[in-house]
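Fold and geometry: a report
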Amino acid sequence: MSRHPELARAERALVLQARHGRRAVAAGALLACFAPDGSDDFLHIAVPGAADPDDWAPSVRRLLELGPGRVPRLEFMEELHPDLPAALEARGFRTSARAAAMVTTAGDLGRLPDAPVGPPPLHLAEAPRHLGRFLDAQAQAFGMAPGSGRLFFDRLRAGLADGSVLAAARLEGDTPVSGATLLVTSEGAELAGVWTSPERRRRGLALGVCRHLLASALDHGVDFVWLSAAPDAAHLYRRLGFRRVGTQVNVEPPAGGGTAAP
Ligand SMILES: CC(C)(COP(=O)(O)OP(=O)(O)OC[C@H]1O[C@@H](n2cnc3c(N)ncnc32)[C@H](O)[C@@H]1OP(=O)(O)O)[C@@H](O)C(=O)NCCC(=O)NCCS
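Described in the following lines is the structure provided in the data block. Quantities reported herein were computed from a predicted structural model and do not represent experimental measurements.

**Focus: helix 7 (residues 205–219)**
Along its 15 residues, helix 7 runs 21 Å from first to last C-alpha, staying within 8% of the 21 Å computed at 1.5 Å per residue. Most of helix 7 sits out of view: 12 of its 15 residues are buried. Those residues of helix 7 that fall on the buried side of the exposure criterion are L205, A206, L207, G208, V209, C210, R211, H212, L213, L214, S216 and A217. In the segment just after helix 7, G221 is the residue with positive phi, at about 90°.

And the structure:
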């Protein structure tokens, strides 16, 4: 029995998400998951793929043997793999992000804060024409390069169509000003990409969109949701019933080891 059962479930959901729509290549106890040919490198990802070995070094070596330009970044839960960061850093990988991993379960999802007054946010599956503008505004809210949100267009459109993604947005006229996505797997869902346009912040928009999406998830039978929280957003998520259960880390490959699908 894991000492971190909820964190372990969140990581199982992360691994299922990583595999979804990607080609998985085993590298020892790690799994490199490659998005379809022609995808941006950012969409390739490696995750733990088997029980922790006594020694991570052979798995890290196997990952590097995928070859220059073919090693994806890694995402995993630090407390579940305490020896992995050092094994990666010993081979030149660099930890680029550590974020609070938070979860909420069915009981808390049934006690969401009251919905704000006004019309409910829009489900993007019902209005796919807003998809491009949604991604552009989301990328801008995250401070990403203009247009970079479009990298996710095909994945989001396919996910909305097959039900593996729920997405909601608050619109002003035809302009999305706040939004969020929920990536659904059989182990639970991830609340991801929560955003509000800079000029519309601190008005309760993100709270309202997330609340709406979580209530929909409960209606869809989702009983476990996890997320990795930016420091400024943790309080927002606590108000929605999330609790911290651990740490999610992102680790980048050594210089020259960036990805291109093999
Ligand atoms: C994090 C983010 C999504 C929050 O969006 P938002 O619409 O401002 O969120 P809300 O208004 O619902 O809540 C934010 C804060 O405003 C406060 N607030 C809400 N309505 C308010 C009002 N009318 N007056 C004053 N403050 C208000 C909330 O209490 C909350 O305070 P807290 O930070 O102490 O919890 C937004 O800042 C953002 O897009 N950041 C960049 C992307 C990002 O980091 N996303 C999160 C990834 S995990």
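**Examining the site of the ligand**
Taken together, the neighbourhood of the ligand is formed by 20 residues, with V194, T196, R202, G204 and H235 sitting nearest. Interatomic distance of 2.5 Å between a side-chain N/O atom of H235 and an oxygen atom of the ligand. The protein chains hide 71% of the 950 Å² of surface that the ligand would expose on its own. Elements with a contribution of two residues or more to the shell around the ligand: strand 9 (188–196), helix 7, strand 10 (224–229) and helix 8 (234–239). Residue contributions to the shell around the ligand peak at 4 residues, all from helix 8. Per-class residue counts for the shell around the ligand are 12 nonpolar, 4 polar and 4 charged.

**Regarding helix 5 (residues 131–141)**
Taking burial as the measure, the 11 residues of helix 5 include 8 buried ones, the bulk of the element. Buried residues in helix 5 make contact with helix 6 (153–162), strand 7 (165–172), strand 8 (175–185) and strand 9. Count one or two residues on from helix 5 and you reach G143, which has phi positive near 75°.

**As for the environment of D174**
Inspection of the secondary structure puts D174 in the loop between strand 7 and strand 8. According to the relative accessible area criterion, D174 is partly exposed, its value standing at 39%. With 44 residues separating them along the chain, D174 and H130 place their C-alpha atoms 7.7 Å apart. Filtering out sequence-adjacent residues up to four positions away, D174 remains in contact with R129, H130 and R133.

What counts as what
Residues numbered from 1 in each chain as written. Predicted model: local features only at pLDDT ≥ 70, side-chain atom pairs only at ≥ 80, totals over all residues. Heavy atoms only, no water. Helix = DSSP H or I, 4+ residues; strand = E, 2+ residues; numbered from the N terminus. Expected span 1.5 Å × (residues − 1). Buried < 20%, exposed > 50% of the residue type's maximum accessible area, 1.4 Å probe, protein only. Near = heavy atom within 4 Å. Polar contact = N/O pair within 3.5 Å; in protein donor to acceptor, adjacent residues only side chain to side chain. Areas by Shrake-Rupley, 256 points an atom, 1.4 Å probe, with all protein chains shown as cover. Nonpolar A, V, L, I, M, F, W, Y, C, P; charged D, E, K, R; others polar. Contact = heavy atoms within 4.5 Å.

On their own, these measurements won't tell you what the molecule is for.
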